[in-house]
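Examination of the molecular architecture
Chain by chain, the residues:
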Amino acid sequence: MATVKRGQHIELEIEKFADKGKSLARVDGYVVFVHGAVPGDRVKAYVFKKKKSYAEAKIDEVLEPSELRTEPRCRYADECGGCKWQHVEYEAQLEAKRQSVEETFAHHSDFSGIDVPPVIGCDTPYNYRNKMDFDFSADRWLTSAEIDSGKDFDTDFAVGLHVPGNFFKVLDLQECHLPAHITPKLVNGIRDFVKDRGWEAWDIRNHTGFLRHLVIRTGEHTGDVMVNLVTNGYDEERMEAMAAFLQNEFPEVSTFVHTNHRGKSQNPQGRERTIFGSGVIYDVIGGFRFAISPSAFFQTNTSQAETLYEVARDFADLKPTDRVYDLYCGAGTISIFLARRVDKVIGVEMVEAAIDNAHTNAAMNNVHNCTFRSGDLKDVFTPTFIAEHGRPDVLLVDPPRAGMHKKVVQQIADLHPERFVYVSCNPQTQARDLDRLKDHYRIDRVQPVDMFPHTPHIENVVRCTRR
């Protein structure tokens, strides 16, 4: 029986990567998950959680670093929740993600012997994100370096990202290497502007304050920049002042949107109002131009999105006579990407603004064989819907992290199209959903695509054919 105890400091040899960016070590067979460790490390770690079958620990000291370890680019890498793997060589990240997909299907489904090829990596693993959501907070987290500096800091204001595992505290970020270069400049400029004017940050405990979220979207191929300021209520004078500031100091900003969000939820959605510009930005994937509204889903890594769509297209083995269903279609990006190779595409998406974007995008690209419907798929994707639009030859799904509702899975089982391509940002829910369909489909091919360097997240495409 392992002698690991909570509160203990212990030396560990790190064996392998584990789930959610952690790594795994063993003490007499007992599993210890270590945050921030890399396979091949020898570390001294502090055990902060103890369960019957495992413990969790964080590093006190790296005694012998792994060959897979590298120096993080960002000063916040050890404490920020934005990316957990800046200290890991990129090729090692890719292999860890490949293994995670392989192990997920082995452990979370009845599909056996699934061959998972090398992950398609990102040519530019920094500055790849076209969208970042930052939170304002009246409860600032001080980093270890800030505490050690002995300086005084305003702990009543922060704009940045939450620290891992803390719902209240936000790191006041001065730099970030995931989004476009303009994004951290905007964060710093807007911080100074609102603090100089005494605008209050949101207090999540008491539900007071004005500033709630700052969402910045950029067009990789167009240079467009959207600033979406989410506040508790609307103040016309303040928005006019912010608009003037952005236009004078950041002429790169092509549109400024305000979102009025008065609820207690931390989801940055509400009534949107365009202050200047068109209220959308544009970007290009596969030669197609797309309009993106503040709340619409759009793949956050534009260049890798094209790679992802190419994999999905190839897996679908499209024919000119095919009718394709694109479920969870977002702003219609995949639908439009596939449309010229098939007879018809029918897309369904819950977010109405995204469907509005999809109609705009299809018209803008002279694509006339796409039909889009808004609604919750568990309610919309019914026998009546199929009777209206015809049985599909190909079904493509790209659901959110939670995967597909059981009703949708059952409808796919009943519908049973010949070819089925499942794109997922969460292989665990993907494996769960496909396991429910194992009597109807076999898995032919799998291909992971890295959309999110320096994080444990992986996008995975699976091709299934009817049994």
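Summary of the structure given here.

Conventions used here
What you see as residue numbers is a count from 1 along each chain, following the sequence as written. With pLDDT at 70 or above as the cut-off, local features in this predicted model cover only qualifying residues; side-chain atom pairs require 80 or more to be listed or tallied, and sums for whole chains, interfaces and linings still use all residues. Only hydrogens and water are set aside when side-chain values are computed; all heavy atoms of the structure are taken into account. Pairing between strands requires that DSSP locate at least two bridges from one strand to the other. Strands here are runs of E lasting at least two residues and helices are runs of H or I lasting at least four, both read from the DSSP assignment and numbered beginning at the N terminus. Note on contacts: a residue pair qualifies if any of its non-hydrogen atoms lie within 4.5 Å across the two residues. For helices, the fitted axis covers only the stretch in contact; all axes are lines through C-alpha atoms, and the angles between them, taken along N-to-C directions, range from 0 to 180 degrees. A simple rule labels every residue: compare its accessible area, found with a 1.4 Å probe on the protein chains alone, to the largest value its type can have, and call it buried under 20%, exposed over 50%, or partly exposed in between. Note on handedness: a clockwise path from strand one over the helix to strand two, with the strands aimed away from the viewer, defines a right-handed crossover. Take the number of residues in a helix, subtract one, and multiply by 1.5 Å to get its expected span. Basic side-chain nitrogens of Lys or Arg form a salt bridge, by our definition, when they fall within 4 Å of a carboxyl oxygen of Asp or Glu. Working definition: a disulfide is two cysteine sulfur atoms within 2.5 Å of each other. Left-handed describes a crossing whose near helix is turned anticlockwise from the far helix through less than a right angle; right-handed describes the clockwise counterpart. Residue classes follow a fixed rule: Ala, Val, Leu, Ile, Met, Phe, Trp, Tyr, Cys and Pro count as nonpolar, while Asp, Glu, Lys and Arg count as charged, and any other residue, Gly among them, counts as polar. Classification of ring pairs uses Phe, Tyr and Trp, with its six-membered ring standing for Trp, and accepts pairs whose centres are within 6.5 Å; under 30 degrees between planes counts as stacked, over 60 as edge-to-face, and the remaining range as tilted. To sit over a ring, a charge needs its Lys NZ or Arg CZ within 6 Å of the ring centre and within 35 degrees of the ring normal.

1. Brief notes about the sheet that holds strand 10 (residues 170-172)
Pairing is mixed in the open sheet, where 8 strands are placed in the order 8-10-9-7-11-12-13-14. Two strands bound the open sheet, and with one partner strand each, they are strand 8 (140-141) and strand 14 (271-276). Sheet strands touched by helix 3 (residues 182-196): strand 7 (131-137), strand 9 (158-162), strand 10, strand 11 (211-218) and strand 12 (225-231). Its angle to strand 11, the strand with the most contacts, is close to 150 degrees.

2. Some details on the pairing of strand 20 (residues 394-397)
Neither face of strand 20 is left uncovered, since the one carrying Val 394 and Leu 396 and the one carrying Leu 395 and Val 397 both have all their residues buried. As paired elements, strand 17 (residues 323-327) and strand 20 share 4 bridges and run parallel to each other. Considered in strand 20, the bridge of Val 324 is made with Val 394. Inspection of the sheet shows strand 20 paired to strand 21 (residues 419-424) by 4 bridges, in the parallel sense. What sits directly across from Leu 396, in strand 21, is Val 421. For the handedness criterion, the β-α-β arrangement of strand 20, helix 10 (residues 406-415) and strand 21 is classed as right-handed.

3. Quick word on helix 5 (residues 302-316)
The terminal C-alpha atoms of helix 5, which comprises 15 residues, lie 21 Å apart, in line with the 21 Å expected from a rise of 1.5 Å per residue. For helix 5, a buried count of 11 out of 15 residues is recorded, marking the element as mostly surrounded by other parts of the structure. Burial in helix 5 covers these residues: Thr 302, Gln 304, Ala 305, Thr 307, Leu 308, Tyr 309, Val 311, Ala 312, Arg 313, Phe 315 and Ala 316. On its buried face, helix 5 is in contact with strand 15 (281-285), helix 6 (333-339), strand 20, strand 21, strand 22 (441-449) and strand 23 (459-466). Asp 317 occupies a position one or two residues after helix 5 and carries a positive phi of about 50 degrees.

4. Quick look at the pattern of salt bridges
Under the defined criterion, the tally for this structure stands at 33 salt bridges. Of the charged contacts, one joins Glu 56 and Lys 22 as a salt bridge, the two residues approaching to 3.4 Å between their closest N and O atoms. Residue Glu 56 is located in strand 6 (residues 54-64), and its partner Lys 22 is located in the loop between strand 2 (16-17) and strand 3 (23-27); the two are separated by 34 residues in the primary sequence. Since its relative accessible area comes to 18%, Lys 22 is described here as buried. Linking Glu 388 and Arg 373 is a salt bridge whose minimum nitrogen-to-oxygen distance equals 3.6 Å. Of the two residues, Glu 388 is situated in helix 9 (residues 383-389) and Arg 373 in strand 19 (residues 370-374); the sequence distance between them amounts to 15 residues. Exposure remark for Arg 373: the relative accessible area of 29% places this residue in the partly exposed category. Beyond isolated ion pairs, a larger network of salt bridges with shared partners links Arg 140, Glu 146, Asp 172 and Arg 191.

5. Brief notes about the state of the cysteines
Applying the stated criterion across every chain, the model contains 0 disulfides. Cysteine Cys 83 remains unbridged, with the sulfur of Cys 80 as its closest cysteine sulfur at 6.1 Å.

6. Observations regarding the packing of helix 1 (residues 90-108) against helix 11 (residues 427-435)
With their axes 9 Å apart at the nearest point, helix 1 and helix 11 run at an angle of 40 degrees to one another. The crossing of helix 1 and helix 11 is right-handed. Taking contact as the criterion, the partners of Val 101, Thr 104, Phe 105 and His 108 in helix 1 are, on helix 11, Pro 427, Gln 428, Gln 430, Ala 431, Arg 432, Leu 434 and Asp 435. Across the contact of helix 1 with helix 11, the residue classes tally to 5 nonpolar, 4 polar and 2 charged.

7. Things to note about the sheet that holds strand 1 (residues 9-13)
Strand order across the open sheet formed by 6 strands is 1-5-6-4-3-2, with mixed pairing between neighbours. Only two strands of the sheet have a single neighbouring strand rather than two, namely strand 1 and strand 2. As paired strands, strand 2 and strand 3 are joined by 2 bridges and run antiparallel to one another. Following the sheet pairing, Lys 16 is matched in strand 3 by Leu 24.

8. Focus on the packing of aromatic side chains
Across all of its chains, the model carries 17 aromatic pairs by this definition. When the ring of Phe 167 is compared with that of Phe 168, the centres are 5.8 Å apart and the planes differ by 80 degrees; the resulting orientation is edge-to-face. Overall, Phe 167 belongs to the exposed group, its relative accessible area being 51%. Here Phe 168 falls in the partly exposed class, since its relative accessible area comes to 30%. Each member of the aromatic cluster is reached from another via a ring pair, and the members are Phe 193, Trp 199, Phe 210, Phe 245 and Phe 250. Above the face of the Trp 202 ring, Arg 212 is positioned so that its terminal group lies 3.8 Å from the ring centre. For the cation-ring pair, Arg 273 lies above Tyr 234, with the distance from its terminal atom to the ring centre recorded as 3.7 Å.

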